[in-house]
Amino acid sequence: MSRTPNYEFQEWWNKQREKNHLSLLDDAKLDHSHSAPPFTALDVDPSSAAEDADTDADRSFKKERSRSARQLSWVCLLKFQQLAASLGWLSSGLLFLVRTANRRIADSASFRGDSSRLYRAIRVFLIVVIVLLGFELVAYFKGWHFSPPDPSDVLGMLGVVYAAWLDARASYLAPPLQSLANLCTVLFIVQSVDRVVLILGCFWIKFRRLKPVASVDYDGAGQSVEDFPMVLVQIPMCNEREVYQQSIGAVCILDWPKERMLVQVLDDSDEVDIQQLIKAEVHKWQQRGVRIIYRHRLIRTGYKAGNLKSAMNCDYVKDYEFVAIFDADFQPTPDFLKKTVPYFKGKDDLALVQARWAFVNKDENLLTRLQNINLSFHFEVEQQVNGIFINFFGFNGTAGVWRIKALEESGGWLERTTVEDMDIAVRAHLCGWKFIFLNDVKCLCELPETYEAYKKQQHRWHSGPMQLFRLCFLDVLRSKVSWAKKVNLIFLFFLLRKLILPFYSFTLFCIILPLTMFLPEAELPAWVVCYIPGIMSILSVLPAPRSFPFIVPYLLFENTMSVTKFNAMISGLFRFGSSYEWVVTKKLGRSSETDLVAFEKEAEPLMRSTSLHRSSSDSGIEELSKLELSKKTGKTKRNRLFRKELYLAFILLTASVRSLLSAQGIHFYFLLFQGISFLVVGLDLIGEQVS
C-alpha cells in the first residue's frame, strides 16, 4: 500500500526553494550594478585574514556573552520573585500563627489549669532543658565543645563547674539513660515485629481470599416472616443534639420484618429540651408503624454500661434472640441486619458479628484524615486478622450484633470500667464464645473534628483497657481456655498493644531523645529515630492508600498523641481519678441535613402501607428547622490551648537547638519537626477552627 503524500511539507519546500531563488537573483543584480569585472585578482594577506577572523570571533563571542548575561539576569529575577513569594507566604503564615496564639493565650478560658502529675513533671523537665541549653551555649562560645576543660588547670568558676558536669554526666547520668534507651528500643522492635506479622496476615487473607461465609441468605424468595429471628436494636445516647435524628431514622428503615424487630432509644440526656426532641422523633416513627420505644433512666449511673444493662433487664427482652447496638452517630445501611444476622445460623458458639466503620467526614480536615489512617489499619488489619485466625478481638461498642444468650452467660454489661465493650468481649472470650469480623459490611459514622474531643476520646480508650487488665488478670489465669489464648490475651492484647505501645512511644521520642542531646554519652541510633518509624508509618498507611501524602504528618501526630495515651495508660493502671471520667465524644452532625431528606424518601412507602398521614408538625421542613434551632441554642465553641503539648514542643525545640551545636543531622530534623508538630497541636490548629 502506497504512503499518503505529505502536502504540507511539499508546500513548505516549494516556498523555501522559491525564496532562495529570489535571493540569488537579487545578489546577481547587485553585482551587475557595480559593474564588477567577471574576474578579479585579489591579494590576500594571511595576517590580516587572521585578524578579520579574530574580530568576527570576538564579535560573535561578545554577542553570545551579552545574550547569556541577559538570560542570566532574567533567571535571577525569576528566582528572586519565587523567593519573595515564598518569604511572603512564610511570613503571612507565621503572622497568622502568632496572632492565633496571642488571641488564644489572651482568652483566659482556653488556658485552664492542669493539675495532673504528668503536667507538673513536664514543666520541671522544660526548666531543666532550658538551663542545660544555656549552659551548653556558654560552653560552645568558649570553645569547650572542641577541647573540654581540664579540672587540673586553673580555670574560672564556670570552667570548673562545666568540667564537673562533664564528669558527672559521663559517670552517673548517661549509663542509666542508655539502659532505658536500650529497653525502649527493644520494646519498639518487638512492637514493630507484631505490626509486621499483622500486615503479613492481612496479605495472606487477601491472597487466599479468606472471609466468613454465611449459611443462610435472608434475601432469598419464598421465606416467611417466621424464618427471620427476633432482633432487638438499641441506640444508647446522651445529649446527642446534633445526630439523634439520623441514627433513629437509619435504624427505623432497616430492611427487616417490622414484627420481628424492636427499636429501643436509650436516652440518658440530662437536658430537658433534648429529651423532648428525641421523644418527638420517636413518636413520629411510631406513627409510621415502626415498633420503637423511648426509655429514659431517672438514676443515670454506670454511663453507657448502666444504660445498656437497664435496657436488657426489661421483661420483653427474653423474646428476642439477637441485639444490635448502634451509637447515636452511626447510620447503618437498610440491609445491615440481612448482612450480619445470617452468620449466626448453624454456629451456636458464635457470640458477636462486628461490622466495619466508615466515616462520612474523613476528609473534613487534617485531624480526620489522620484518624482515618489509624482506624483503617485497626479494622482492615488488626480486627480482620484476629477475627480470621483466632476468632477474638475487642468489641468496638457499636455496629455489632450480639447473641443475647452469650451476653447473659458472660455476666452481662458491667459498670466497673469505661470500656464496657472490651470488658464484655474479654469475658465472652474466656467463656469460649467466638467472634466474626465482616470487613465488607460498613456502617457510616462520624469522626471527632476537634482535637479536644479526640483527646478525650483517646484518653477513655487508653485508660479503660488498663482498668480492665487490672481487674481481669487473675480471671484470665484461672480461666479454662488454652494457654495459647491466655498468652495472646495477656501479652499481645493487653501488654503489647495497650501498655507497651504508649509507654515506649512517649518515653523514647519525648523524653529519652531530647535527653540524649544534653547527655551525648548516651546514644540513640538513627535507625531508631528515623528508619524504623518511617517503615512502620508506610505499613500503617497501606489500608488507606489515598492517605500516602500524609505519611510524615501521620508519624509526627502519632508521636504527639503519645503524651495523651501515656497519661491515660498510667491513670488507668494506677487508678488515678481521671481514669474513671466518661466524656461523651462531641459530634457535629455533618450528614444530618442530607440524611433527613433521604429518610423522608425512604419512609414514604412505609407510610403508604400503613395508611397513616403525617401531621403538619411531622413535616421534614419543620424537623430541619428544629435541628437548626437546636444547633443555635448549643454552647459556644472555641479553640483552646493545650499546655502539656506546648511545653513538650518547647522541650523538643530546645533539644533541636542543642543537636544543632553537635551537628547531628537526622536527630536535629526529627526534633525540629516533632517540636513543630507539638506546637501546632498545642495551639489547637490541627482540627476544626472556630473564628
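Anything mentioned here points back to the structure above.
Nothing here was measured: the structure is a model prediction, and the numbers come from that model.

*Asks:* Help me get a handle on the nonpolar core, residues and values and all.
*Replies:* One finds Ile248, Trp402 and Val426 to be the most contacted residues of the largest nonpolar core, which totals 90 residues. With residues near it in sequence (within four places) discarded, Val426 still touches Phe392, Leu468, Cys472, Leu489, Phe493 and Phe494.

*Asks:* Just give me the short version of the sheet that holds strand β1 (residues 231–237), but keep the residues and values in it.
*Replies:* Two orientations exist for strands paired in a sheet by backbone hydrogen bonds: parallel and antiparallel. Reading across the sheet, the seven strands line up as β3-β2-β1-β4-β6-β5-β7 and stay open at both edges, with mixed pairing between neighbours. The sheet is open, and its two borders are formed by β3 (292–296) and β7 (434–445), each paired with just one other strand. Strand-to-strand twist in this sheet, taken as the mean axis angle between neighbours without regard to direction, amounts to 20°. In the sheet, strand β2 (residues 261–267) pairs with β3 via five bridges, with the strands oriented parallel. Each bridged residue has a counterpart across the sheet, and for Gln264 the counterpart in β3 is Ile293. In the packing of helix α6 (residues 272–287) onto the sheet, the strands contacted are β1, β2 and β3, and the crossing angle to β3 comes to about 160°.

*Asks:* An account of the packing of aromatic side chains is requested, with residue identities and associated values reported.
*Replies:* A full pass over the atoms with the stated rule returns 30 aromatic pairs. Ring plane angle 70° and centroid distance 5.0 Å describe the contact between Phe326 and Phe336, whose orientation is recorded as edge-to-face. Residue Phe326 is located in the loop between β4 (322–325) and α8 (336–340), and its partner Phe336 is located in helix α8; the two are separated by 10 residues in the primary sequence. Phe336 sits in the buried class, given a relative accessible area of 0%.

*Asks:* For the pairing of β4, give the residues involved together with the corresponding values.
*Replies:* Burial of β4 is two-sided: the residues Phe322 and Ala324 facing one way and the residues Val323 and Ile325 facing the other way are all buried. As judged from the four bridges shared by β1 and β4, these two strands associate in the parallel manner. Bridge pairing links Gln234 to Ile325 in β4. Where β4 lies against strand β6 (residues 400–403), four bridges are found, and the strand directions are antiparallel. Residue pairing in the sheet places Ala324 in a bridge with Val401 of β6.

*Asks:* Can you tell me about the pattern of salt bridges, naming the residues and giving the values?
*Replies:* In the structure shown here, the tally under the stated rule is 25 salt bridges. Among the salt bridges present, the one from Lys338 reaches Asp255, with a minimum N-O distance of 3.0 Å. Taken together, the positions of Lys338 in helix α8 and Asp255 in the loop between α5 (244–252) and β2 put the pair 83 residues apart, joining distant regions of the chain. In this structure Lys338 comes out as buried when scored by relative accessible area, which is 14%. Among the ionic pairs, Glu452 bridges to Arg640, the shortest N-O distance being 3.7 Å. Placement of Glu452 in helix α12 (residues 451–478) and of Arg640 in the loop between α17 (620–632) and α18 (643–661) is noted, with a sequence separation of 188 residues between them. Of the residues examined, Arg640 reaches a relative accessible area of 16% and is grouped as buried.

*Asks:* Quick one: what's the story with a nonpolar patch on the surface, residue by residue and with numbers?
*Replies:* A cluster of nonpolar residues, Ile189, Val193, Val197, Trp527, Tyr531 and Ile666, forms a patch on the protein surface that exposes about 530 Å² of accessible area. For the nonpolar patch, the secondary-structure elements that each account for two or more residues are α4 (157–208) and α14 (526–541). Considering every element that reaches the nonpolar patch, the biggest residue donor is α4, with three residues. Positionally, Trp527 belongs in helix α14.

*Asks:* Let's hear about the packing of α18 against helix α19 (residues 665–682): which residues, and what values?
*Replies:* Two numbers describe a pair of packed helices, the interaxial angle and the distance between the axes. Between α18 and α19, whose axes approach to 8 Å, the crossing angle comes to 160°. Between α18 and α19, the angle is such that the two are roughly antiparallel. Seen from above, α18 lies across α19 with left-handed handedness. Packed against α18, whose contacting residues are Glu645, Leu646, Leu648, Ala649, Phe650, Leu652, Leu653, Ala655, Ser656, Ser659 and Leu660, the element α19 presents His667, Phe668, Leu671, Leu672, Gln674, Gly675, Ile676, Phe678, Leu679, Val681 and Gly682 at the interface.

Rules used in this analysis
Residues numbered from 1 in each chain as written. Predicted model: local features only at pLDDT ≥ 70, side-chain atom pairs only at ≥ 80, totals over all residues. Heavy atoms only, no water. Core = buried A, V, L, I, M, F, W, Y, C linked by side-chain atoms within 4.5 Å. Buried < 20%, exposed > 50% of the residue type's maximum accessible area, 1.4 Å probe, protein only. Contact = heavy atoms within 4.5 Å. Pairing = 2+ DSSP bridges. Helix = DSSP H or I, 4+ residues; strand = E, 2+ residues; numbered from the N terminus. Axes fitted to C-alpha atoms, helices over the stretch in contact; angles between N-to-C directions. Phe/Tyr/Trp six-rings, centres within 6.5 Å; stacked < 30°, edge-to-face > 60°. Salt bridge = Lys/Arg side-chain N within 4 Å of Asp/Glu carboxyl O. Patch = residues over 30% accessible without salt bridge, like charges linked within 9 Å, V, L, I, M, F, W, Y side chains within 5 Å. Areas by Shrake-Rupley, 256 points an atom, 1.4 Å probe, with all protein chains shown as cover. Parallel < 35°, antiparallel > 145°, perpendicular 65-115°, else oblique. Left-handed = near helix turned anticlockwise from the far one by under 90°.

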